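A look at the structure
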Amino acid sequence: MTVPGPVRRWHAELAWLGAAASPAGASVARDVLIEATGERFTAVTPGVPAGQVPAGTARLAGITLPGLANAHSHAFHRALRGGAGTGGDSFWTWRTRMYAVAGRLDPDSYHALARATFAEMALAGVTCVGEFHYLHHGPGGVPYADPNEMGRRLIEAAAAAGLRITLLDACYLAGGFEPGGAPRPLEGVQRRFGDGSAAAWAARLDRLGQLPPHARAGAAVHSVRAVPPAQVPEIMSWSRPRGAPVHAHLSEQPRENEEAAAAFGATPAQLLADAGALGPRSTMVHATHLTAGDIALLGDSRTAACLCPLTEADLADGVGPAPALAAAGCPLSLGSDGHSAIDLLAEARWVELGQRLATGRRGHFAPAALAGAATGAGHACLGWADAGTIVPGAYADLVTLTLDSPRLAGAATAADPLAAVLAAGTAADVRHVTAAGRDIVGDGRHLLIGDVPGELATAIAAVAGVAG
C-alpha cells in the first residue's frame, strides 16, 4: 500500500501554466495557488489573492515555471569547459581532449564529477536529466565486475543532486566506416565504449534490473558513425516492449554525412529510417546538417529533435533547421550536451537567436514554444510525459526565478513576463527549485549539496592533467 506524502502549497506571484491552462489564453497567470500531495500536483488555482491562501503556504516571489528538462547531457564533458584552443581548433581536436578525459575516469571520479555537474543543473532549474551514457567499461574495454557500474554511479549521482534521470545507455560498436561500409575497429579509449554487438549491449543493459523511482532506462544509438546499420534493429527490439525512449546523435558535423554517403550511399537520417529507428519514441540530437528529405523523414515519423545550441556554437557545428523541423511536426527539446554552459534559458534563447543570425529575420519561435521545449517536450522525450507542466497529476516540479536582478528588472509588469525571461533571464536568476515535491534549491543554494562550486573544482581537478 502506498502512503500519500505530505500536502504542500505554494503561492506563485507569477506562473507560466501554458496557454491552455491560463485565463483567457494568457501566457502567464498571477497569484497562483499550487497544491501537491507527495510528489504530484493536486490543484492549480490562478487568481487567489495573497490574503486568502492557507496558513503555511510558501510564497514564490518572481516567476515560476515547470521544472526544466535537460534532454541531452554527457556529465563528464563538464571537465572540458573553456578548453577551446585557437587557430586550428575544431570539433575533432576537441574530441581528442574529450577522449583523454574519458580515459582517466573511474567509477569514483565519474560519480564525483556527475554529482557536482547534476547539482549545477539543479541550481539552473533542471529537475530531470537525460544522460547519454557511453563510458561503460574499464581501461582497455575490460568490463567491471558489475558491467553497469558506471551507469549505476550516474543514477546515484542524480539522486544525490535531487534530479530524476533517464539513463540513455548508448550502443557504440565501431570507430567509423570505410568507403563501402566495412567498420573500423574501436581503438584506444573507444574500447571502453563498446560491447561488441548490439545483442551484447542489450544483454548488459538487461542486467541493470529494477531501477529506483527517480531513474528510468532508455536506449541510444551513439551515431551512424559508431553503430552498423544492421545492428540498429536489435537496439529497437530492446526498446519496443519496454516503451523506452531511443536517442541518437544525428548529423552533428558535415563529415558524418560525408562518411555515411561514402560507406552506405545514404544520409544518416535515411540509414536510421531504414533501420526502423525513427518514430514517436525517438529523439535525434543536434540534427544540424539535414536535407529537405531528412526533415520530411523526421517530421512524417513524428521523431523529436533535441537542440543544444550553446554546445553547437562552442564546437562550431553550425545552425540547424529548427523552424523547418518544428513545421514538419518534430517536437523540439533542449540539452546542454558538452556543458560549455549549463543554462536551459540560454539554450532556449539561442534556438531563436541562431535563426535570426542565419536568416536576418526575427520571430521564428513564440516564447511559449521555447518554454515548452525546455519543459514538457524535454520530459516527454525522456520518458517522463507526466512531468514538465503545472497541472494536477503531474510531478510537482517548480523552478522560480527572481525578477529583481538587473537582467529581469521590469519583467513583472511587462506585457509578457515569459518573453522577458526568455530574452534575458539566466541560470543565475533561479532562486527556488522543487523536484517531485521536494525542495532541492532554496534562495539560490543547493539544499542537498552544500558546496557545489567546491565539489565541481575538486572533481574537475581530478582530470585536469588531461583536460587542458
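Residues numbered from 1 in each chain as written. Predicted model: local features only at pLDDT ≥ 70, side-chain atom pairs only at ≥ 80, totals over all residues. Heavy atoms only, no water.

1. Observations concerning the overall build of the protein chain
Within the protein chain one finds 16 helices and 16 strands. Relative to the compact-globule value of 23 Å for 468 residues, the protein chain shows a C-alpha radius of gyration of 22 Å, a close match. In terms of principal-axis extent, the alpha carbons of the protein chain reach across some 70 × 50 × 50 Å. Expressed as a percentage of the 468 residues in the protein chain, the buried residues total 56%. Sequence-distant contacts, at least 24 apart, represent 74% of the contacts inside the protein chain between residues at least 6 apart. Of the roughly 17,000 Å² that the protein chain leaves accessible, carbon and sulfur atoms contribute 56%. (Helix = DSSP H or I, 4+ residues; strand = E, 2+ residues; numbered from the N terminus. Rg over C-alpha atoms; globule rule 2.2 N^0.38 Å. Buried < 20%, exposed > 50% of the residue type's maximum accessible area, 1.4 Å probe, protein only. Contact = heavy atoms within 4.5 Å. Areas by Shrake-Rupley, 256 points an atom, 1.4 Å probe, with all protein chains shown as cover.)

2. Section: unusual backbone geometry
For Ser251, which is not glycine, the phi dihedral falls at a positive 50°. Among the secondary structure elements, Ser251 is positioned in the loop between strand E9 (246-250) and helix H6 (254-264). Given a relative accessible area of 0%, Ser251 falls into the buried group. Positive phi values are uncommon outside glycine, yet His286 reaches one of about 85°. Residue position: His286 is located in strand E10 (residues 282-286). Assessed through its relative accessible area of 2%, His286 is described here as buried.

3. Considerations on the sheet that holds strand E11 (residues 304-307)
Ordered in space as E5-E6-E7-E8-E9-E10-E11-E12, the 8 strands form an open sheet in which the pairing is parallel. Two strands close off the open sheet at either side, each with one partner strand: strand E5 (68-73) and strand E12 (332-334). Neighbour to neighbour, the strand axes of the sheet diverge by 25° on average, direction disregarded. As judged from the 3 bridges shared by E10 and E11, these two strands associate in the parallel manner. By the bridge assignment for E11, Met284 is matched with Ala305. Sheet strands in contact with helix H5 (residues 232-242) are strand E7 (164-171), strand E8 (215-221), E9 and E10, and its direction is about 160° off that of E8. The sheet contacts of helix H11 (residues 344-359) involve E5, strand E6 (126-133), E11 and E12, and relative to E12 the element is tilted by about 140°. (Pairing = 2+ DSSP bridges. Axes fitted to C-alpha atoms, helices over the stretch in contact; angles between N-to-C directions.)

4. Some points on the pairing of strand E1 (residues 7-16)
Taken together, the 9 bridges between E1 and strand E2 (residues 28-37) define a ladder with antiparallel strand orientation. Bridge assignment links Val7 to a residue of E2, and that residue is Thr37. Here 5 bridges tie E1 to strand E4 (residues 58-66), and the two strands are oriented parallel to one another. Across the sheet, Leu14 pairs through a bridge with Ile63, a residue of E4.

5. Observations regarding the pattern of salt bridges
Enumeration according to the criterion identifies 17 salt bridges in this entry. Its salt-bridge partner being Glu455, residue Arg115 comes within 2.9 Å of it at the nearest N-O pair. Of this pair, Arg115 sits in helix H2 (residues 107-123) while Glu455 is found in helix H15 (residues 452-461), placing the two residues 340 residues apart along the sequence. (Salt bridge = Lys/Arg side-chain N within 4 Å of Asp/Glu carboxyl O.)

6. A word on H15
Residues three or four positions apart in an α-helix share a direction because the helix packs 3.6 residues into each turn. Every buried residue of H15 is listed here: Val452, Leu456 and Ala459. The arc that holds every buried residue of H15, seen down its axis, measures 70°, which confines them to one face. For H15, exposure combined with an orientation more than 90 degrees from the buried face picks out Pro453, Thr458 and Ala461. Elements that come into contact with the buried residues of H15 comprise H2 and strand E16 (445-446). In this structure Asp451 caps H15, since a side-chain oxygen of it lies 2.9 Å from the backbone nitrogen of Gly454. (Arc of directions from axis to C-beta. Polar contact = N/O pair within 3.5 Å; in protein donor to acceptor, adjacent residues only side chain to side chain.)

7. Things to note about the environment of Phe132
Of note, Phe132 is situated in strand E6. Judged by its relative accessible area of 1%, Phe132 is buried. Excluding residues that lie within four positions of it along the chain, Phe132 makes contacts with His72, Ser73, His74, Leu168, Ala170, Ala220, Val221, His222, His247, Ala248 and His249.

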